[in-house]
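If you want the building blocks of each chain, they are given just below.
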Amino acid sequence: VDPAINRVRRDLGLSLQKRTMLGDQFSDVRNLGLWSEHFRAPAADDPPGAAITGFPRLPDDLSLPEDMLASIEAARSGGQPVGVWTLGTTAVHSGPALRDGFIEACRERSVCPVVLTGDEKASEFLRSQGLVSRSYLPHDAILTHADFAVHHAGIGSSAAAIRAGIPSIAIPFTHDQPDNARRLRRLGVASVLKPKDRVKGDPKAIFCGRFDEVLDRSAVQRAKELGQHVDREDWERNVVRAIESVA
């Protein structure tokens, strides 16, 4: 992020800086925590100027293709739950084994799969097999039509699932994802696949078992209630107030 930050600093007549991402994350002036207090409350070792604002919501186009909406509505009208598969921008390329196991489990348990692949050619192939698939869709658009989501527990995907009020099957890979997955599980709104689950056993059988967990009535209710709490947070106002308090 240094080049973008330094362009602004140059325009303001400020000196250039290096390692902004690491050097400024513990500012003694103000740190913005762009997550919900319901997800991670203030901690004793937070920087003195920390302010938790709520999850940011990007101004995406929330429209969906008409044919996709029709397929989802037909499934739900027939009593099928809808599960969305989306593994972010990196983990989505980890190979088809887990994805195919998810699809097979959906067929076994009469779940309507919506598969986001990150690869339009892969999506074209899945659509040729009669599946609902796109390379990418805004999470805030598609997850409101789902009963649960399968994701990598990135902070953006986790936030979108929470806002949508639906449980998750979390498949964390790296960075902040394992911690996010644990927090979702402690909140009672996620089932988590550990690394050994990804490499051992039958993916279809694993997902069939996880479907039972996330479609359980208590998990559905907890996710709905958490989503309502988070949706009431005015993150933009909180950000502005936090910045203005030190201006």
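Here, the structure is the one placed above.
Keep in mind it's a predicted model, so treat the numbers as computed, not measured.

Trainee: Would you explain the side chain of S191 in this entry?
Mentor: Structurally, S191 is set in strand β8 (residues 190–192). Here R210 takes part through its side chain, which lies 2.9 Å from a polar atom of the side chain of S191. Setting aside chain neighbours within four positions, we find S191 in contact with S168, I169, A170, R210, E213 and V214.

Trainee: Any chance you could explain the sheet that holds strand β6 (residues 148–151) here in plain terms?
Mentor: Sheets are built from strands paired through backbone hydrogen bonds, the pairs being either parallel or antiparallel. Pairing within the open sheet is parallel, and its six strands lie in the order β5-β4-β3-β6-β7-β8. Only two strands of the sheet have a single partner each, and these edge strands are β5 (132–134) and β8. Each strand axis lies, on average, 15° off the axis of its neighbour in the sheet, ignoring direction. Sheet topology note: the strand β7 (residues 168–170)/β8 ladder contains three bridges and is parallel. Directly across from I169, in β8, lies its bridge partner S191.

Trainee: How should I be thinking about the pairing of strand β3 (residues 82–86) in this particular structure?
Mentor: In the case of a regular strand, side chains alternate between the two sheet surfaces. Where burial is concerned, most of β3 is hidden: five out of the five residues are buried. The side-chain alternation of β3 yields two buried faces, one formed by V82, V84 and T86 and the other by G83 and W85. Here β3 pairs with strand β4 (residues 112–116) via five bridges, running parallel. Across the sheet, V84 pairs through a bridge with V114, a residue of β4. Pairing analysis gives three bridges linking β3 to β6, with the strands arranged parallel. Residue pairing across strands places G83 opposite F148, the latter belonging to β6.

Trainee: What is the right way to read helix α11 (residues 217–231) from this model?
Mentor: It helps to recall that an α-helix has 3.6 residues per turn; residues three or four apart then point in one direction. Taking 1.5 Å of rise per residue, 15 residues should cover 21 Å, and α11 covers 21 Å from first to last C-alpha, within 8% of that figure. For α11, every residue scored as buried is listed here: A219, A223, L226, G227 and V230. For α11, the arc enclosing every buried residue in end-on projection is 105°, short of the 170-degree limit, so these residues lie on one face. Lining the buried residues of α11 we find α7 (155–164) and α10 (203–214).

Trainee: What exactly am I supposed to notice about the nonpolar core here?
Mentor: Ranked by size, the top nonpolar core spans 21 residues in total, and within it W85, F102, F207 and F211 carry the most contacts. Within the residue set of this core, elements represented by two or more residues are α4 (96–109), β6 and α10. Residues within four places of F102 in sequence aside, it is in contact with G83, W85, P113, V115, F148, V150, F207 and F211. Judged by nonpolar contacts, the second largest core, of 20 residues, contains A75, V114, A141 and I166.

Trainee: Would you take a moment to explain the pairing of β4 for this structure?
Mentor: Here β4 lies mainly inside the structure; five of its five residues are buried. Of the two faces of β4, the one carrying C112, V114 and L116 and the one carrying P113 and V115 are both buried. With three bridges joining them, β4 and β5 adopt parallel strand pairing. Bridge pairing in β5 links L116 to R134. Read from β4 through helix α5 (residues 120–128) to β5, the crossover connection turns out right-handed.

Cut-offs applied
- Residues numbered from 1 in each chain as written.
- Predicted model: local features only at pLDDT ≥ 70, side-chain atom pairs only at ≥ 80, totals over all residues.
- Heavy atoms only, no water.
- Helix = DSSP H or I, 4+ residues; strand = E, 2+ residues; numbered from the N terminus.
- Polar contact = N/O pair within 3.5 Å; in protein donor to acceptor, adjacent residues only side chain to side chain.
- Contact = heavy atoms within 4.5 Å.
- Pairing = 2+ DSSP bridges.
- Axes fitted to C-alpha atoms, helices over the stretch in contact; angles between N-to-C directions.
- Buried < 20%, exposed > 50% of the residue type's maximum accessible area, 1.4 Å probe, protein only.
- Expected span 1.5 Å × (residues − 1).
- Arc of directions from axis to C-beta.
- Core = buried A, V, L, I, M, F, W, Y, C linked by side-chain atoms within 4.5 Å.
- Right-handed = clockwise from strand over helix to strand, strands pointing away.

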